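# Structural overview for review
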Amino acid sequence: MVYDPKHMIRFEEVGFRYGNGPEVLRDVDLDLAPGSFHWLTGASGAGKSTLLKLLHLADHPTRGRVEAFGEDLSELKRRHLPKLRRQIGMVFQDFRLLDHLTVFDNVALPLRLARVRDSSLRKDVGEMLDWVGLADVAGADPRTLSGGQQQRVAIARAVVARPLLLLADEPTGSVDEATGTRILRLFQELHRLGTTVLVATHNELLIERFPHPVLRLEDGQLGLVRA
Amino acid sequence: MSTRDADVALPRAEAGGTALLVSIIALMTWLALLALGASVALGAIARERQAGLAGRWTVEIAADATRSKPTEQRARDAAQLLRGVPGVVRAEPLSREDIRRLLSPWLGNDAAVEELPLPGLVDVVVDAQRPPAIAELRKRLAEIPGANVDDHRGWVVEIVRLARAAEAVAIAVFVMVGAIAILAIVAAARARLAIHAHEVELLHVIGAADRWIARQFQASALAVALRGGLSGLILAATTIGFAAWGFQLPLDRLLPLLGPSWSIIAVALAVPAVAAVAATLAARWASMRALRRLP
């Protein structure tokens, strides 16, 4: 994929509202450079999840311009969106694992979507499960795992296809401090390997411990509070 | 660990719902096959009746003791007269024994039948390409008292018309049954989409193309339609077998009318195959339509 290396994702005066409701995002300007790591904070209901939804191209803004990987979304045909979405790994707050698939098959899903051959897929998924420390539960039903383990399965699924951008919504919200720190170390490692990372969190402790630029959403408006 | 089932990113259809849909498709296929069978059989019978009676006429000699000559004699005279008419290939009077056999379904075989005055019959084969004018034949037969010629056209036309009407109704039933089956598949695909909206949304946002997600629904519809279609085929074959046995249908005579045996098998197998293809397309249409509503 060819895109301007200065801008992985760029928002210009983006606004978003649900139906005829009030605007939950207003005049959002955002520029995520490749290889950057950002925290996204804000009170509950400030619009973090909505912003993440727009960032992983799950919805269109009601106004403004969004550019992803060099493509202006307003000019992009709908059929080209899945290819862009596959460049983004998303860790959902509620994990969103598929209960009818094993841990292995949940992690393998993005590779199957990318039509990766089975032999290569097995190797990649195996390595990824090793990396998140879940190799021994590869065949398990995700419902039998602890919250922390499920979160790590969700992370493995988000990064297994080597996305250019990793987004995470409250990845430490339902795990203890030790597991939260471990998850953040995984993100740090991905960032070191070149992945652009944006993590939405309430956890001030983690923000202090890992000193990256902090974006803050207040009343639907985005500002940079720590460069 | 990784299984072929893993290619199915949506849960397999719910057991109860699947069983119901398989039953519906099986019954629809059963109905469609019976309607199709009836339509083909009626068409074949109509054609056979038409072809069998084309070129066969009958001269009836009324039984009447007051005539100067006995019935048998007048039948022989009529046959003799007809043989000289251009366009008549053959004219043979039926024996009293043959006539009694023809009438036995109505009169029985009692000795008392012997006492009944039976009409005389002459079986006439005419050149189907250049038959004689029936008016001319009637004029010539006027010299035989009580003789009347029947070219069967009247009742053959009625029977063929009736058979054609029944054939049209059977085809309409076949089409309706197919339409209902497709609607059932579309409804099932929509229900599955609604039940698995959560999974579909996840697949959508992690980069699954609409066609990839739709294939999940197609695969499920294909499996259901194949199971239902084959069950319906077995059910229809059993029904026809029982009907043939129960009503003593002359299948050995009727089946060849439908064509060579391989063509009957091909048509029978085509119905579940068409049901499977239609189900796949219907599921694809329903799922693609719903998926296009996603951003």
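Residues numbered from 1 in each chain as written. Chains lettered and ligands numbered in written order. Predicted model: local features only at pLDDT ≥ 70, side-chain atom pairs only at ≥ 80, totals over all residues. Heavy atoms only, no water.

### Structural notes on the overall build of chain B
Filter applied, for reference: Only runs of H or I of at least four residues qualify as helices and only runs of E of at least two qualify as strands under DSSP, and these elements are numbered from the N terminus. Partly exposed residues are those whose accessible area sits between 20% and 50% of the maximum for their type, while under 20% is buried and over 50% is exposed, using a 1.4 Å probe and protein chains only. Should any heavy atoms of two residues lie within 4.5 Å, those residues are considered in contact. Per-residue accessibility takes into account occlusion by the displayed protein chains alone, with areas from the Shrake-Rupley method and a 1.4 Å probe.
Broken down by element type, chain B carries 9 helices and 4 strands. When the helices and strands of chain B are read in sequence order from the N terminus, they spell out α-β-α-β-α-β-α-β-α-α-α-α-α. For chain B, the residues scored as buried account for 36% of the 295 residues in total. Considering only intrachain contacts with a sequence separation of at least 6, the fraction spanning at least 24 residues in chain B is 81%. As displayed, chain B offers around 16,600 Å² of accessible surface, 65% of which is attributable to carbon and sulfur atoms.

### Regarding helix H4 (residues 118-131) of chain A
Along an α-helix, residues three or four apart share an orientation, since each turn contains 3.6 residues. Residues and elements named next belong to chain A. Heads up, the condition is: Multiplying 1.5 Å by the residue count of a helix minus one yields the expected span of that helix. The directions considered for the arc are those from the helix axis to the C-beta atoms.
Its 14 residues give H4 an end-to-end C-alpha distance of 20 Å, which sits within 8% of 20 Å, the value for a rise of 1.5 Å per residue. All of the buried residues in H4 are Leu121, Val125, Met128 and Leu129. Angular distribution of buried residues about the axis of H4 spans 95 degrees; they occupy a single face of the element. Opposite the packed face of H4, turned more than 90 degrees from it, sit the exposed residues Ser119, Lys123 and Asp130. The elements touched by buried residues of H4 are helix H3 (103-113) and helix H5 (147-159).

### Describing the sheet that holds strand E9 (residues 214-218) of chain A
Residues and elements named next belong to chain A. For clarity, the threshold we go by: By definition, two strands form a pair when at least two bridges between them are found by DSSP. For helices, the fitted axis covers only the stretch in contact; all axes are lines through C-alpha atoms, and the angles between them, taken along N-to-C directions, range from 0 to 180 degrees.
Pairing in this open sheet of 6 strands is mixed, and the strands run E6-E7-E8-E3-E9-E10 from one edge to the other. Both outer strands of the open sheet, strand E6 (88-91) and strand E10 (221-226), are each paired with one neighbouring strand and no more. Averaged over all pairs of adjacent strands, the angle between their axes in this sheet comes to 20 degrees, without regard to strand direction. Bridge count between strand E7 (residues 165-169) and strand E8 (residues 196-200): 5 bridges; the pairing is parallel.

### Things to note about the interface of chain A and chain B
Many authors give the size of an interface as the accessible area that is lost as the parts come together. What counts is decided by this rule: Values labelled buried area give the accessible surface lost by two parts on being combined, using a 1.4 Å probe and summing over both. Here a salt bridge means any side-chain nitrogen of Lys or Arg lying within 4 Å of a carboxyl oxygen belonging to Asp or Glu. For the purposes of these results, a polar contact is taken to be a pair of N or O atoms within 3.5 Å, where, inside protein, one atom must be able to donate a hydrogen and its partner to accept one; residues adjacent in sequence count only when each atom of the pair is a side-chain atom. By the convention adopted, Pro, Cys, Tyr, Trp, Phe, Met, Ile, Leu, Val and Ala count as nonpolar, Lys, Arg, Asp and Glu as charged, and the other residues, Gly among them, as polar.
Chain A puts 24 residues into the contact, and the matching count from chain B is 27 residues. Summed over both partners, the interface of chain A with chain B buries about 2,300 Å², with 61% contributed by carbon and sulfur atoms. Contact with chain B buries area across many residues of chain A, yet A:Arg78, A:Arg85 and A:Leu113 alone supply 27% of it, more than any other trio. Counting across the interface, chain A meets chain B through 2 salt bridges. Between B:Glu201 and A:Arg96 there is a salt bridge, with its nearest N and O atoms 3.8 Å apart. Inspection of the region where chain A meets chain B yields 5 residue pairs in polar contact (both at pLDDT 80 or more). The leading source of residues in the side of chain A that touches chain B is H3(A), at 5 residues. Residue classes in the side of chain A that touches chain B are distributed as 9 nonpolar, 5 polar and 10 charged.

### Comments concerning the side chain of A:His56
Note that A:His56 resides in the loop between helix H1 (48-55) and strand E4 (63-68). Look past the residues within four positions of A:His56 in its chain and what remains in contact with it is A:Arg85, A:Ile88, A:Met90, A:Phe92, A:Leu167 and B:Val205.

### Some details on the environment of B:Ser39
Residue and element names in this part refer to chain B. Along the chain, the position of serine 39 falls in helix H1 (residues 15-53). A relative accessible area of 5% places serine 39 in the buried class. C-alpha separation for the pair serine 39 and alanine 168, spaced 129 residues apart in sequence, amounts to 7.3 Å. If we skip the residues at most four places from it in the chain, serine 39 touches Glu167, Ala170 and Ile171.

### So, the sheet that holds strand E3 (residues 120-126) of chain B
Residue and element names in this part refer to chain B. Ordered by their spatial adjacency, 4 strands build an open sheet running E2-E3-E1-E4, and the pairing between neighbours is antiparallel. Each edge of the open sheet carries a strand with a single partner, namely strand E2 (88-93) and strand E4 (147-150). Across the sheet, the mean angle separating the axes of adjacent strands is 20 degrees when strand polarity is ignored. Judged from the 6 bridges that link them, strand E1 (residues 56-61) and E3 form a sheet pairing that is antiparallel. Opposite arginine 56, over in E3, you have valine 125 as the bridge partner. Taken strand by strand, helix H2 (residues 71-83) contacts E1, E2 and E3, and its axis lies near 170 degrees from that of E2.

### A word on a nonpolar patch on the surface
All names here are of chain B. Test applied: Distance thresholds for patches are 9 Å for like charges and 5 Å for nonpolar side chains (Val, Leu, Ile, Met, Phe, Trp, Tyr), applied to residues having over 30% relative accessible area and no salt bridge.
Residues Trp106, Leu107 and Leu116 make up a contiguous nonpolar surface patch of roughly 350 Å² in combined accessible area. When you line up the elements, leucine 107 lands in helix H3 (residues 96-107). For leucine 107, a relative accessible area of 38% gives the class partly exposed.

### As for the confidence of the model for chain B
Residue and element names in this part refer to chain B. Selection criterion: For every residue, the predictor states its confidence as a pLDDT score lying anywhere from 0 to 100.
Here chain B shows a mean pLDDT of 80. Residues at 70 or above account for 87%. Within the model, the stretch residues 1-6 combines pLDDT values under 50 with 14 contacts to residues more than four positions away or in other chains. In the predicted assembly, ipTM is 0.87 and pTM is 0.70.

### Here's the deal with the UniProt feature "transmembrane region" (unreviewed entry) in chain B
Going by this rule: UniProt positions are given in the numbering used here, feature names are shortened, and annotations may be inferred rather than shown by experiment.
Under the present numbering, the feature "transmembrane region" (unreviewed entry) in UniProt falls on residues 20-46, 168-189, 225-247 and 262-283 of chain B. With 100% helix and 0% strand, the stretch residues 262-283 of chain B has end C-alpha atoms that lie 31 Å from each other.

### Here's the deal with the pairing of strand E1 (residues 9-17) of chain A
Residue and element names in this part refer to chain A. Across 6 bridges, E1 lies against strand E2 (residues 23-32) in antiparallel orientation. Each bridged residue has a counterpart across the sheet, and for phenylalanine 16 the counterpart in E2 is leucine 25. In this structure, the hairpin formed by E1 and E2 is closed by a connection of 5 residues, where glycine 19 is found at a positive phi of approximately 60 degrees. Sheet topology note: the E1/E4 ladder contains 5 bridges and is antiparallel. Pairing of glycine 15 across the sheet is with arginine 63, part of E4.

### Some points on the packing of H3(A) against H5(A)
To describe two helices that pack against each other, one gives the angle between their axes and the distance between the axes. All names here are of chain A. Selection criterion: Should an angle fall under 35 degrees it is called roughly parallel, over 145 degrees roughly antiparallel, and 65 to 115 degrees roughly perpendicular, with every other angle called oblique. Left-handed describes a crossing whose near helix is turned anticlockwise from the far helix by less than a right angle; the clockwise case is right-handed.
Between H3 and H5, the least distance of the axes is 7 Å, while the angle of their chain directions is 30 degrees. Regarding the angle of H3 to H5, the classification is roughly parallel. H3 and H5 meet at a crossing whose hand is right-handed. For the pair H3 and H5, the contacting residues are Val103, Asn106, Val107 and Pro110 in the first and Val153, Ala156 and Arg157 in the second. When grouped by side-chain class, the residues that make up the contact of H3 with H5 number 5 nonpolar, 1 polar and 1 charged.

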